[in-house]
Structure formats: structure tokens, C-alpha cells
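# Observations on chain architecture
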Amino acid sequence: AQSVTQLDSQVPVFEEAPVELRCNYSSSVSVYLFWYVQYPNQGLQLLLKYLSGSTLVESINGFEAEFNKSQTSFHLRKPSVHISDTAEYFCAVKKAAGNKLTFGGGTRVLVKP
Amino acid sequence: SAVISQKPSRDICQRGTSLTIQCQVDSQVTMMFWYRQQPGQSLTLIATANQGSEATYESGFVIDKFPISRPNLTFSTLTVSNMSPEDSSIYLCSVEKVGSYEQYFGPGTRLTVT
């Protein structure tokens, strides 16, 4: 069975500072990796995904994540955060041959002015 | 992507009663799923809703407690039966389209059981 660990439950960060959210997974087979964002009192939105190809993937709002197979990680980064990035971020993994999404525990990002 | 709606958006229910949550998507999808997000926690898959057949439940979830229907490719319901305060959660529907590996989520139903 696969599992996902998000190493930080909360990350306070000042506006315009960089942020990194760590995600490690375990799986014995090939996987697809995802980051979802949940803004306060809203549903989950897909932020970015890794399926294959380039190990660095980017979102339209400045986030990027890098798939590292040897370290089984998929860390999320943004070089300069905005107040509007305050949200909870979930890392998720799915077997390449399956449908079940397994989520990490989430990281709550609080951007301070 | 897909546009997904859920009804109701929130409800407060008495212990021992049941609530049926509806999920409607704007296009035909291959897979529909139901998740639970307990307060302050991550998402846990309850079951996969299969069209025309019984849902596939994850460990720890049973059909008697969470009966699911999926009569067609765009609609599914989840019933939370004989509710207790421990069932207070956000319940989310998600979908996956043909040829896509991505799941899209509905806005969720916030359930409080008193």
C-alpha cells in the first residue's frame, strides 16, 4: 500500500518570502503525484501534477514541485508568497495502474504581512 | 476539468437520522469517488461509486453505514446512516474523466451531527 507523509503540519511565512512544503511517499510501484490546495471554507483544487517526463512541474500561480524518485519526494516550492496563498496544501499519490488517491496529512500555510 | 456540484452544502442533523448527499458533474466521467474529511484532518477515501453495480468500499467503511448509488455517468449519492457525532465531517465527491489521471473535487458537504 502507498502512503504519503507531509513533514510539516503548519508553516508560517512572511509575505514575499519563499516557502517549501515537504512531501515524501512510499510505494512499491510507479506512481502519479499531485498537490491540491484548499482555501479557507472551499473545496480542493488541483494545483499541479507529475505523471511522467520532466521532473519539475509548475502551476500557473508560481508554485513548482520536483519529483525525486531516489528520495521518493515531491516537494512544493514558491519563491515569493502572497497573502492569498494562505491555505492548506495536500500532497497525494496514486498508483499509475490504479485509481485510489492517498493523501498526506496536509500542511497549513499562513502568510503574514 | 469538470464542474461538480454537491447538495446540500451543509446540514445539521440529529443523532440516529440519515442524510443523503448528492453529487452532480457536468460531463460524463468514468470514476466517481466519495471522501471524508474529519475536522482538522486530511481526506480519507470512503468508496468508489460504480455505475450500475455496488460501490467498492475501503477498509473501515461498510455499505450499511454509507450506502452509495450511481445510476448514471454524471450522478451519485452517498447516504450517511444512523448518524452519530463522530460522523461530523466534510464529505466530498470527486470525479476522474476518461483518459485523465486527475481527480477533481466538489465543494463538499459540511455535516454536523448533534
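Residues numbered from 1 in each chain as written. Chains lettered and ligands numbered in written order. Predicted model: local features only at pLDDT ≥ 70, side-chain atom pairs only at ≥ 80, totals over all residues. Heavy atoms only, no water.

## Considerations on the overall build of chain A
The test is simple: The helix and strand labels rest on DSSP assignments: H or I over at least four residues marks a helix, E over at least two residues marks a strand, and numbering proceeds from the N terminus. For this measure, only C-alpha atoms enter the radius of gyration; the expected value for a globule follows 2.2 Å times N^0.38, where N is the number of residues. Only protein chains enter the accessibility calculation, which uses a 1.4 Å probe; a residue whose area is less than 20% of its type maximum is buried, one above 50% is exposed, and one in between is partly exposed. Contact criterion: two residues are considered in contact whenever any of their non-hydrogen atoms come within 4.5 Å of each other. Positive charges come from Lys and Arg alone, negative charges from Asp and Glu alone, with His and the N- and C-terminal ends not counted. Here the site of a charge means atom NZ of a Lys, CZ of an Arg, CG of an Asp or CD of a Glu.
The number of helices and strands found in chain A is zero helices and twelve strands. Reading chain A from its N end, one meets helices and strands in the order β-β-β-β-β-β-β-β-β-β-β-β. What you see for chain A is a C-alpha radius of gyration of 13 Å, in line with the 13 Å of a compact globule of 113 residues. By residue count, 46% of the 113 residues in chain A fall in the buried class. At a minimum sequence separation of 6, the contacts of chain A that also span at least 24 residues come to 57%. Here chain A contributes 10 positively and 9 negatively charged side chains, and the mean placements of these two sets differ by 12 Å.

## Topic: the state of the cysteines
Residue and element names in this part refer to chain B. For clarity, the cut-off: Cysteine sulfur pairs qualify as disulfides if the two atoms are within 2.5 Å.
Enumeration over the complete set of coordinates arrives at two disulfides over all chains. Across a sulfur-sulfur distance of 1.9 Å, C23 and C93 are joined as a disulfide pair. Given an S-S torsion of about -60°, the disulfide between C23 and C93 has left-handed geometry. Of the two residues, C23 sits in strand 3 (residues 19–25) while C93 sits in strand 9 (residues 89–96), which places them 70 residues apart along the sequence. For the pair C23 and C93, a shared accessibility class is recorded, and that class is buried. Cysteine C13 is unpaired, with the sulfur of C23 as its nearest cysteine sulfur at 18 Å.

## Some details on the environment of A:D85
All names here are of chain A. Heads up, the condition is: A 3.5 Å cut-off defines polar contacts: any pair of N or O atoms within that distance qualifies, except that in protein one atom must be a possible hydrogen donor and the other a possible acceptor, and neighbouring residues in sequence count only when both atoms are side-chain atoms.
Summarising the element assignment, D85 is placed in the loop between strand 9 (73–78) and strand 10 (87–95). Judged by its relative accessible area of 3%, D85 is buried. Sequence separation between D85 and V111 is 26 residues; the distance between their C-alpha atoms is 6.8 Å. Those residues within four positions of D85 in sequence are excluded, and the remaining contacts are F63, K78, V109 and V111. Reaching out from D85, the side chain makes a polar contact with the backbone nitrogen of H82 at a distance of 2.8 Å.

## Let's talk about the sheet that holds strand 3 of chain B
Residues and elements named next belong to chain B. Put simply, the test is: Two strands are said to pair when DSSP picks up at least two bridges between them. Angles here are taken between N-to-C directions and fall from 0 to 180 degrees, while the axes themselves are lines fitted to C-alpha atoms, restricted in helices to the stretch in contact.
Strand order in the open sheet formed by four strands is 1-3-8-7, and the pairing between neighbours is antiparallel. Since the sheet does not close on itself, it has two edges, and those belong to strand 1 (4–7) and strand 7 (68–72), each with one partner. Strand-to-strand, the axes of this sheet are offset by a mean angle of 15°, without reference to chain direction. Summarising the sheet, strand 1 and strand 3 pair through four bridges and their orientation is antiparallel. Residue pairing for strand 3: S5 is matched across the bridge by Q24.

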